[in-house]
There are 2 protein chains.
Amino acid sequence: MGEKQGNERTRVQIYGEEYTIKGTESSDHIIEVSNIVDEKMKELKTMNPYLDTKRLAVLTAVNIVNEYVLLKKEMQQLQKKLKEEE
Amino acid sequence: MGEKQGNERTRVQIYGEEYTIKGTESSDHIIEVSNIVDEKMKELKTMNPYLDTKRLAVLTAVNIVNEYVLLKKEMQQLQKKLKEEE
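In this text, all values refer to a predicted model and were calculated from it rather than measured experimentally.

Conventions used here
Residues numbered from 1 in each chain as written. Chains lettered and ligands numbered in written order. Predicted model: local features only at pLDDT ≥ 70, side-chain atom pairs only at ≥ 80, totals over all residues. Heavy atoms only, no water. Buried < 20%, exposed > 50% of the residue type's maximum accessible area, 1.4 Å probe, protein only. Helix = DSSP H or I, 4+ residues; strand = E, 2+ residues; numbered from the N terminus. Pairing = 2+ DSSP bridges. Contact = heavy atoms within 4.5 Å. pLDDT = per-residue confidence, 0-100. Least-squares fit on C-alpha atoms with pLDDT ≥ 70 in both. Salt bridge = Lys/Arg side-chain N within 4 Å of Asp/Glu carboxyl O. Polar contact = N/O pair within 3.5 Å; in protein donor to acceptor, adjacent residues only side chain to side chain. Axes fitted to C-alpha atoms, helices over the stretch in contact; angles between N-to-C directions. Parallel < 35°, antiparallel > 145°, perpendicular 65-115°, else oblique. Left-handed = near helix turned anticlockwise from the far one by under 90°. Nonpolar A, V, L, I, M, F, W, Y, C, P; charged D, E, K, R; others polar. Core = buried A, V, L, I, M, F, W, Y, C linked by side-chain atoms within 4.5 Å.

**Considering the pairing of strand S2 (residues 17-23) of chain B**
Residue and element names in this part refer to chain B.
1) Next: For S2, the tally of buried residues reaches five of seven residues, placing the bulk of the element in the interior.
2) Next: As paired elements, strand S1 (residues 8-14) and S2 share seven bridges and run antiparallel to each other. Paired with valine 12 across the bridge in S2 is tyrosine 19.
3) Next: Two successive antiparallel strands, S1 and S2, enclose a turn made up of two residues, where tyrosine 15 displays a positive phi of approximately 50°.

Printed below as a string of C-alpha cells:
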C-alpha cells in the first residue's frame, strides 16, 4: 500500500493529516488499519510528549514491527506444532 | 518500546537519524526490528519519491499494520485449526 500504488483509493486521516491510500485491499480494511496507526501514534505521544511527528511515526513503525516479529515467531511455533501433529 | 520506556537502551539509525530505543527486549532484537523499519522506509521511498519523511514514516506504519492484521487473521485460522484437531 502507498500513495501511488494499486487501484483502490481511500482517503483517511492519521494523526490529523489526510492520506490517500491506494492498494488492492478494501476501503474498510484500509480504514481499520489507518485507525490502528492513528491510535498507536496517539498512545506513544502520551508516553513521549516531546517527540515531533516524524520521530513519533518512526517509533510507531518500530513498535509495530516489534509486535509483527513477535507474532511471526509465535506463528512459526504454531506451524511447527501443527506439523508435528500431522 | 519508545524513547523513554524500559531499562535496555539501544542506539539505532533509522532513515539517517539516530534513535535511542528503550525497552525490555534485547539489543539484538531492537537492532533487527530497526533495520526492518529502515528497509521498509527506503523501499516505500523508491515507490513514492516525493513523500517527505514524516508522511513516509506514517505510510510505513500503515503498511506494517496491514501486514500485522493479515498475519493475525492467518494466525487465528491456524489456532482454530489446532483446536479442531484437539
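Once you've had a look at it, read on.
**Quick look at the environment of glutamate 8 of chain B**
All names here are of chain B.
1) Next: Here glutamate 8 shows up in strand S1.
2) Next: On the basis of relative accessibility, which here comes to 36%, the residue glutamate 8 falls in the partly exposed class.
3) Next: Here the alpha-carbon distance between glutamate 8 and threonine 20, two residues twelve residues apart in the chain, equals 9.7 Å.
4) Next: Beyond its immediate chain neighbours, meaning those up to four positions away, glutamate 8 contacts Ile21, Lys22, Gly23, Glu25 and Ser27.

**Things to note about the confidence of the model for chain A**
Should the pLDDT be low somewhere, the predicted coordinates at that spot are not to be read in detail.
Residue and element names in this part refer to chain A.
1) Next: Across chain A, the average pLDDT comes to 89, with 92% of residues at or above 70.
2) Next: Per-residue pLDDT, averaged within each element of chain A, yields its smallest value for helix H2 (residues 53-85) (90) and its largest for helix H1 (residues 27-47) (95).
3) Next: The complex prediction reports pTM at 0.85, with the ipTM value standing at 0.85.

**Some points on the relation of the copies chain A and chain B**
1) Next: Under the fitted operation, chain A is carried onto chain B by 0.0 Å of movement along the axis and a turn of 180°, and the coordinates agree to an RMSD of 0.0 Å. Each copy turns onto its partner about a two-fold axis.

**Concerning the interface of chain A and chain B**
How big an interface is tends to be stated in terms of the accessible area lost upon association of its parts.
1) Next: Across the boundary between the two partners, chain A contributes 48 residues, which contact 48 residues of chain B.
2) Next: A salt bridge links glutamate 17 of chain B to arginine 55 of chain A, with the shortest nitrogen-to-oxygen separation between them at 2.8 Å.
3) Next: Where chain A packs against chain B, one counts ten residue pairs in polar contact (both at pLDDT 80 or more).
4) Next: At the level of elements, strand S2 (17-23), H1 and H2 of chain A are the ones that each hand at least two residues to the side of chain A that touches chain B.

**Let's talk about the side chain of histidine 29 of chain A**
1) Next: The residue histidine 29 of chain A is located in helix H1 in this model.
2) Next: On the basis of relative accessible area, histidine 29 of chain A is assigned to the buried category, the value being 9%.
3) Next: The residues touching histidine 29 of chain A, leaving out its near neighbours within four places in the chain, are Asn66, Val69, Leu70 and Lys73 of chain B.

**Regarding the packing of H1 of chain A against H2 of chain A**
Helices that pack against each other are described as a pair by the angle of their axes relative to one another and the distance between those axes.
Residues and elements named next belong to chain A.
1) Next: Two numbers describe how H1 lies on H2: the axes approach to 9 Å, and their chain directions differ by 110°. When the axes of H1 and H2 are compared, the pair comes out roughly perpendicular. Handedness of the crossing formed by H1 with H2: right-handed. For the pair H1 and H2, the contacting residues are Val37, Lys40, Met41, Leu44 and Lys45 in the first and Thr53, Leu56, Ala57, Leu59, Thr60, Asn63, Ile64 and Glu67 in the second.
2) Next: Across the contact of H1 with H2, the residue classes tally to seven nonpolar, three polar and three charged.

**Structural notes on the nonpolar core**
1) Next: One finds Ile14 of chain A together with Ile14 of chain B to be the most contacted residues of the largest nonpolar core, which totals 38 residues.
2) Next: Elements represented by at least two residues in this core include exactly strand S1 (8-14), S2, H1 and H2 of chain A together with S1, S2, helix H1 (27-47) and helix H2 (53-85) of chain B.
3) Next: The residues touching isoleucine 14 of chain B, leaving out its near neighbours within four places in the chain, are Val58 and Val62 of chain A together with Tyr19, Ser34, Val37, Asp38 and Met41 of chain B.
4) Next: Counting residues in hydrophobic clusters, the runner-up holds ten residues, among them Leu71, Leu78 and Leu82 of chain A together with Leu78 of chain B.

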